[in-house]
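# Summary of the model geometry
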Amino acid sequence: MSSSSDPKAAASSHQMWGGRFTTRPSDVMQAINTCVDVDQRLAEEDILGSLAHSDMLAACAIISQDDKAAIHEGLIAIREDIRAGRFEWKPELEDVHMNIEAALKARIGAPAGRLHTARSRNDQVATDFRLWMRGACARMTSLLRDYQKALLAQAEAHADWVMPGFTHLQTAQPISLGHHLLCWVEHAERDLGRFEDAAKRLNESPLGSAALAGTAFGIDRHHTAQALGFDRPMANSLDGVSSRDFALEVLSAAAICAVNLSRFAEEIVLWSSRRFGFASLSDAFSTGSSIMPQKRNPDAAELVRAKPGKICGALQSLLIVMKGLPLAYSKDMQEDKVIVFTALDDLDLALNAMIGMAGDLTFNKAALEAAAGEAYSDATDLADWTVRELGLPFRDAHHVAGSLVKAAEARGLALAQLPLEVFQSVEPRIDDRIYSVLSARASMESRVSYGGTAPSQVRVQVQRWREALGA
Ligand code: ARG
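Because the structure is a prediction, the values reported are computed rather than measured. (Residues numbered from 1 in each chain as written. Predicted model: local features only at pLDDT ≥ 70, side-chain atom pairs only at ≥ 80, totals over all residues. Heavy atoms only, no water.)

## Looking at the overall build of the protein chain
Keep this limit in mind: Numbering of helices and strands runs from the N terminus; a helix is a DSSP stretch of H or I covering at least four residues, while a strand is a stretch of E covering at least two. We call two residues contacting when some pair of their heavy atoms lies within 4.5 Å. The Shrake-Rupley method, run with a 1.4 Å probe, gives the accessible areas here. Residue values count only the displayed protein chains as cover. Only four residue types enter the tally: Lys and Arg on the positive side, Asp and Glu on the negative side, with His and both chain ends excluded. To locate a charge, take atom NZ for lysine, CZ for arginine, CG for aspartate or CD for glutamate.
Each helix and strand counted, the protein chain has 19 helices and 6 strands in total. Put simply, of all contacts in the protein chain between residues at least 6 apart along the chain, 74% involve residues at least 24 apart. Summing over all exposed atoms, the protein chain offers an accessible surface of approximately 22,200 Å²; the carbon and sulfur share of this is 53%. Both charge centroids of the protein chain, one from 49 positive and one from 60 negative side chains, sit 1 Å from each other.

Rendered as structure tokens:
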């Protein structure tokens, strides 16, 4: 008797599709196909989805109340095993869905076979993944809030500390350190908004799309959508099982956020260097060198600076996995999870590191103030004074100030150290009131335009953020 006509042999070829198959998959088939090492992270969501689905099946009289009760009891016991680390994941059962279903069968027997009525792994995985993503967006949002609070506390404490502001990394104009730090609070707010937007858009239920075409069973998709906290069932079953743009959107938010974090991380690296000497990190956020005893390295900041390599790479990876895939589900999409999990784990860690470092930084007031006054950072104030007091057009004023910087540079002096005659040799109407604007602090304090760097303005923004963050 050939094995294909032996029902026992057929059944043993595969637990789920043994009816059609006669022999087991090759080792390499199993190796390329299995993903339970990755997607077991969806176990909680998978069980929630199955609880809601079986609840609905019973409510719609598609399965009996007794079967539903058995399924629920079994799933809850399995969830306990998983939480306690007692669950044995089997790679030969491919994924989280089939591992849990097989465990349910082992535990409750026949009723387990009814759970998959009117459902496919295609809508099941899409449901699990959207649920997981919603949670991940909430985690990123709450970490970004903590990051903002850490920055805000530092901004408030340093609202009137003067530091150099840079363009092209060249000293430009004196600014408030608090103002600088609040800039990163603004960035974080937009990062947070992107996660919130993505979470809102992805919060629709694919469950009930089944394999691709919906189902002939009289299911109630609104029931499961509501039970799982989705806003509504997805309106197109093909869309339900085939779309992963929600994951792409979250990865874009993650990539932009990682890039924003890397910029402040880079500043921490620069500021804590001997050359800048603006700030230092405590031992808690520094590392030493195995050979140079004097070293204190900002490794955590450097690693945050590096994270966009992986996180932007993840966005790129999933874009390329999805590119050109025809409708509806294709197995390519199984690769989405490892990409997303890794990227969001990285971002989670980067955010935690930034929260830690933002709170940990101590600033060097003297070094910041000295640097703020260097490199003719008050040249714009000189030009502005001649506009305001002498009525010069700004372009002429720019020329006057430029000539005076040149004169001061030739003498090795700061603008404030130039004798009045030198000012008057360039513009005879300049008088000694000019000295009152020639200091880094005066420059910073003068910039009172809305959103400007004057400490009075910075305090307005600190107050606004205190109210917004309830901090
Ligand atoms: N493990 C699969 C995934 O992550 C679940 C869906 C499988 N669907 C299928 N038709 N083979 O994509």
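## Considerations on helix α4 (residues 43-59)
Each turn of an α-helix holds 3.6 residues, which means side chains three or four residues apart point in the same direction. Convention followed: The length a helix should cover is 1.5 Å for every residue beyond the first.
Across its 17 residues, α4 extends 24 Å between first and last C-alpha, which sits within 8% of the 24 Å expected from 1.5 Å per residue. One or two steps after α4, the chain reaches Ala61, where phi turns positive at roughly 60 degrees.

## Comments concerning the site of the ligand
Rules: In this text, near means that some heavy atom of the residue lies within 4 Å of the molecule or strand in question. Polar contact is defined as a pair of N or O atoms within 3.5 Å, subject to the rule that within protein one atom must be able to donate a hydrogen and the other to accept it, and that residues adjacent in sequence are counted only when both atoms are side-chain atoms.
Every residue lining the ligand is accounted for by Cys35, Asp95, His97, Arg121, Asn122, Val125, Tyr329, Gln334 and Lys337. Between Arg121 and the ligand, the recorded distance is 3.3 Å, taken from a side-chain N or O atom to a nitrogen atom. Between the ligand and Tyr329 there is a distance of 2.4 Å, counted from an oxygen atom to a side-chain nitrogen or oxygen. Calculation on the ligand without its partners gives an accessible area of 340 Å², and the protein chains cover 85% of this total. Sort the elements by how many residues they give to the shell around the ligand and helix α7 (residues 121-157) lands first, with 3 residues.

## A few points about the packing of aromatic side chains
The following threshold applies: To pair, rings of Phe, Tyr and Trp, with the six-membered ring standing in for Trp, must have centres within 6.5 Å; the planes then decide the type, stacked if under 30 degrees apart, edge-to-face if over 60, and tilted in the middle. Using a 1.4 Å probe on the protein chains alone, a residue whose accessible area is under 20% of its type maximum counts as buried, one over 50% counts as exposed, and one in between counts as partly exposed. Two conditions define a charge located above a ring, namely a distance within 6 Å from the ring centre to NZ of Lys or CZ of Arg, and an angle within 35 degrees of the ring normal.
On inspection of all chains with the given rule, the structure shows 10 aromatic pairs. Ring geometry for Trp271 against Phe363: centres 6.2 Å apart, planes inclined by 65 degrees, an arrangement best described as edge-to-face. Highlighted residues: Trp271 in helix α11 (residues 245-271) and Phe363 in strand β6 (residues 362-363), separated in sequence by 92 residues. What makes Phe363 buried here is its relative accessible area of 11%. Clustering of aromatic rings is evident, with ring pairs tying together Phe129, Trp132, Phe246 and Phe341. Here the guanidinium or amino end of Arg464 rests over the ring plane of Trp465, the centre of that ring lying 4.8 Å away.

## Observations concerning helix α8 (residues 177-202)
Between the first and last C-alpha of α8 there are 39 Å, a value that for 26 residues agrees with the 38 Å anticipated at 1.5 Å per step. For α8, the N-terminal capping position is held by Ser176, with its side-chain oxygen 3.0 Å away from the main-chain nitrogen of Gly178.

## Looking at the environment of Arg411
Following the sequence through the fold, Arg411 ends up in helix α16 (residues 394-411). Classification of Arg411 as partly exposed rests on a relative accessible area of 48%. Separated by 390 residues in sequence, Arg411 and Phe21 place their C-alpha atoms 90 Å apart. Apart from residues lying up to four places away in sequence, Arg411 is in contact with Leu418 and Val422.

## Focus on the pattern of salt bridges
Counted only if it meets this: Each salt bridge in this description consists of a side-chain nitrogen of Lys or Arg and a carboxyl oxygen of Asp or Glu lying within 4 Å of one another.
Per the counting criterion, the structure on display carries 30 salt bridges. Linking Glu266 and Arg305 is a salt bridge whose minimum nitrogen-to-oxygen distance equals 2.5 Å. Here Glu266 is found in helix α11, whereas its partner Arg305 is found in helix α12 (residues 299-322), with 39 residues between them in sequence. Residue classification places Glu266 among the partly exposed residues on the basis of a relative accessible area of 28%. Here Arg305 falls in the partly exposed class, since its relative accessible area comes to 34%. Because the salt bridges share partners, they merge into one network encompassing Glu94, Asp95, Arg121 and Lys331.

## A word on the packing of α4 against α7
Selection rule: Note on method: axes are straight lines fitted to C-alpha atoms, helices fitted across the in-contact stretch only, with angles between N-to-C directions ranging 0 to 180 degrees. Small angles under 35 degrees read as roughly parallel and large ones over 145 as roughly antiparallel, with 65 to 115 read as roughly perpendicular and the rest as oblique. It is the rotation of the near helix from the far one that decides the hand of a crossing: anticlockwise by less than a right angle makes it left-handed, clockwise makes it right-handed.
Contact geometry for α4 and α7: axes closest at 9 Å, N-to-C directions at 120 degrees. By the angle between their directions, the pair α4 and α7 is classed as oblique. The hand of the α4/α7 crossing is right-handed. Of the residues in α7, those in contact with Glu45, Asp46 and Ser50 of α4 are Gln124, Asp128, Leu131 and Trp132.

## As for the environment of Asp384
Here Asp384 shows up in helix α15 (residues 379-390). On the basis of relative accessibility, which here comes to 26%, the residue Asp384 falls in the partly exposed class. With 53 residues separating them in the primary sequence, Asp384 and Val437 have C-alpha atoms 9.4 Å apart.

## Describing the pairing of strand β2 (residues 170-176)
Heads up, the rule is: By definition, two strands form a pair when at least two bridges between them are found by DSSP.
Of the pairings in the sheet, the one linking strand β1 (residues 162-167) to β2 comprises 6 bridges and is antiparallel in character. When the bridges of β2 are listed, Val162 appears paired with Ser176. Between the end of β1 and the start of β2, which pair antiparallel, lie 2 residues, with His168 showing a positive phi angle near 55 degrees.

## Some points on the confidence of the model for the protein chain
Residues shown with low pLDDT carry predicted positions that ought not to be read at fine detail. Note the cut-off: How sure the predictor is of each residue is captured by pLDDT, a score from 0 to 100.
Looking at the protein chain, pLDDT values average 95 and 97% of them are 70 or higher. Counted against residues more than four places away or in other chains, residues 1-11, with its pLDDT under 50, gives 9 contacts.

## Things to note about the nonpolar core
Test applied: Nonpolar cores were defined as sets of buried Ala, Val, Leu, Ile, Met, Phe, Trp, Tyr and Cys residues, with membership established by side-chain atoms within 4.5 Å.
One finds Met133, Tyr147, Phe195, Phe264 and Leu347 to be the most contacted residues of the largest nonpolar core, which totals 99 residues. Top element by residues in this core is α11. It accounts for 16 residues. Counting residues in each nonpolar core, the second largest holds 22 residues, with Leu390, Ala397, Leu415 and Phe423 among its members.

## So, the side chain of Asp39
Within the secondary structure layout, Asp39 lies in helix α3 (residues 36-39). Among buried Asp, Glu, Lys and Arg side chains, Asp39 stands out as unpaired, with Lys337 the closest opposite charge at 5.4 Å. At 2.9 Å, the side chain of Asp39 and the backbone nitrogen of Val96 are in polar contact. Aside from chain neighbours lying at most four places away, what touches Asp39 is Asp95, Val96, His97, Lys337 and Phe341.

## Overview of unusual backbone geometry
Backbone torsion omega between Leu327 and Ala328 reads 0 degrees, so that peptide bond is classified as cis. Mapping Ala328 onto the fold places it in the loop between α12 and α13 (336-360). Its identity is not glycine, yet His168 carries a phi of approximately 55 degrees, on the positive side. Looking at His168, the relative accessible area reads 76%, which means it is exposed. Despite not being glycine, Leu169 shows a phi value in the positive range, around 60 degrees. Within the secondary structure, Leu169 sits in the loop between β1 and β2.

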